[in-house]
Amino acid sequence: MGVEGCTKCIKYLLFIFNFIFWLAGGVILGVSLWLRHDPQTSELMGLQLDGEEAPSTFYIGVYILITVGAVMMFVGFLGCYGAIQESQCLLGTFFACLVILFACEVAAGIWGFINKDQVTEEMKDFYDNAFTSATLPSSIGAAISGKDEKREKAEGVLKVFHNTLQCCGTNKATQALMLARGVCPKTESLMDQFTQISCHGRIDELFTTKLYLIGIAALVVAVIMIFEMIFSMILCCGIRNSSVY
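Residues numbered from 1 in each chain as written. Predicted model: local features only at pLDDT ≥ 70, side-chain atom pairs only at ≥ 80, totals over all residues. Heavy atoms only, no water.

Trainee: I'm lost on the overall build of the chain in this one. Help?
Mentor: From N to C terminus, the chain includes 10 helices and two strands. Going from the N terminus to the C terminus, the chain shows its helices and strands as α-α-β-β-α-α-α-α-α-α-α-α. Burial status across the chain gives 38% buried among its 245 residues. Residue pairs in contact within the chain that sit at least 24 positions apart in sequence constitute 75% of those at least 6 positions apart. (Helix = DSSP H or I, 4+ residues; strand = E, 2+ residues; numbered from the N terminus. Buried < 20%, exposed > 50% of the residue type's maximum accessible area, 1.4 Å probe, protein only. Contact = heavy atoms within 4.5 Å.)

Trainee: What am I meant to see in the state of the cysteines here?
Mentor: Between two cysteines, a covalent bond joining their sulfur atoms is known as a disulfide. Counting across every chain of the model gives one disulfide. Two residues, Cys167 and Cys199, share a disulfide whose sulfurs are 2.1 Å apart. Taking the torsion about the S-S bond as the criterion, the Cys167 to Cys199 disulfide, at about 90°, is right-handed. Residue Cys167 is located in the loop between α7 (149–165) and α8 (172–181), and its partner Cys199 is located in helix α10 (residues 199–244); the two are separated by 32 residues in the primary sequence. For Cys167, a relative accessible area of 0% corresponds to the buried category. Of the residues examined, Cys199 reaches a relative accessible area of 0% and is grouped as buried. A disulfide-free cysteine, Cys89 has its sulfur positioned 9.4 Å from the sulfur of Cys236, the nearest such atom. When its relative accessible area of 59% is taken as the criterion, Cys89 is described as exposed. The exposure class of Cys236 is buried, given its relative accessible area of 10%. (Disulfide = S-S within 2.5 Å.)

Trainee: So what exactly am I meant to see when it comes to the pattern of salt bridges here?
Mentor: Pairs may arise between side chains of opposite charge once their charged atoms sit close together. In the structure shown here, the tally under the stated rule is four salt bridges. The closest approach of N and O atoms between Lys124 and Glu121, which form a salt bridge, is 3.8 Å. Pair noted here: Lys124 and Glu121 are both in helix α5 (residues 118–135), with a separation of three residues, about one helical turn. The class for Lys124 is buried, based on a relative accessible area of 12%. (Salt bridge = Lys/Arg side-chain N within 4 Å of Asp/Glu carboxyl O.)

Trainee: Help me out: how do you make sense of the nonpolar core in this one?
Mentor: One recurring pattern in soluble globular proteins is that nonpolar side chains are buried together. Ranked by internal contacts, the top residues of the largest apolar core, which has 22 residues, are Leu14, Phe21, Met72, Leu98, Val221 and Leu235. In this structure Phe21 touches Met72, Val75, Gly76, Leu98, Leu101, Val221, Ile224, Met225 and Glu228, once residues within four positions along its chain are discounted. (Core = buried A, V, L, I, M, F, W, Y, C linked by side-chain atoms within 4.5 Å.)

Trainee: Honestly, helix α1 (residues 6–37) in this entry has me stumped. Any pointers?
Mentor: Three or four residues apart is the spacing at which side chains of an α-helix point the same way, because the helix has 3.6 residues per turn. Taking 1.5 Å of rise per residue, the 32 residues of α1 would be expected to cover 46 Å, and the 46 Å separating its terminal C-alpha atoms lies within 8% of that figure. Among all positions in α1, only Thr7, Ile10, Lys11, Leu14, Asn18, Phe21, Ala24, Gly25, Ile28, Leu29, Ser32 and Leu35 are buried. (Expected span 1.5 Å × (residues − 1).)

Trainee: Can you help me understand the packing of aromatic side chains in this one?
Mentor: The geometry of an aromatic ring pair is captured by two quantities: the separation of the ring centres and the angle between the planes. Under the defined criterion, the tally for this structure stands at seven aromatic pairs. Ring geometry for Phe19 against Trp22: centres 6.1 Å apart, planes inclined by 20°, an arrangement best described as stacked. You can see Phe19 and its partner Trp22 sitting in helix α1, three residues apart, about one turn around the helix. Assessed through its relative accessible area of 41%, Phe19 is described here as partly exposed. Centre to centre, the rings of Phe77 and Tyr81 are 6.4 Å apart; their planes meet at 15°, and the pair counts as stacked. Placement of both Phe77 and Tyr81 in helix α3 (residues 57–85) is noted, with a separation of four residues, approximately one turn of the helix. With a relative accessible area of 53%, Phe77 lands in the exposed category. In textbook terms, an aromatic cluster arises when at least three aromatic residues are bridged by ring pairs, as seen for Phe17, Phe227 and Phe231. (Phe/Tyr/Trp six-rings, centres within 6.5 Å; stacked < 30°, edge-to-face > 60°.)

Put into structure tokens, the structure is as follows:
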């Protein structure tokens, strides 16, 4: 005997919320894959300087999101099927998965809040190291040979930063130095060259925007999960009571 009355309404509400949850999982999976393969972040994260790779803290968060998105799609499907079939076993499993996911999301949110500035600071430090290597005086041997491989590699890293983010230097003084070396992006006019945004500002803008996107998505998913946990328990109790009668 199926559920009736308000419990039947809860059943279809749970199905709708699970479908939204499944879609949200797909959106998170899609956004995280976009963040992973976005040309701007991919260019910057793939850089190397003196054997040292660019900081990977940002990608750690992205890989976690990819996993969460895939699990959400599976759990959403499980909830939809359990609601339609009115299966206490599936709904109980679904509720347990939601509790685990919610706990993981809270833990990830705390980790993200604690490390929200770490991603940008690490990338700024990487840029500053490249800038220092590119502007240090050449060694005696390099000066004699006329070729400084370390400086050339550092300038190559700076060019990737500058062309990817459309920025130059860290302030007006360093911008003038970078313009003289020819590693700043080309602009339409001479005035534009001297009014380019600093790379520190661009790095802040790039990662702050992406972190806000992640935060908004996580908040929406958390609200949906709370409603789903409530509805799944109500439906599970309704199914058990209806089987008694």
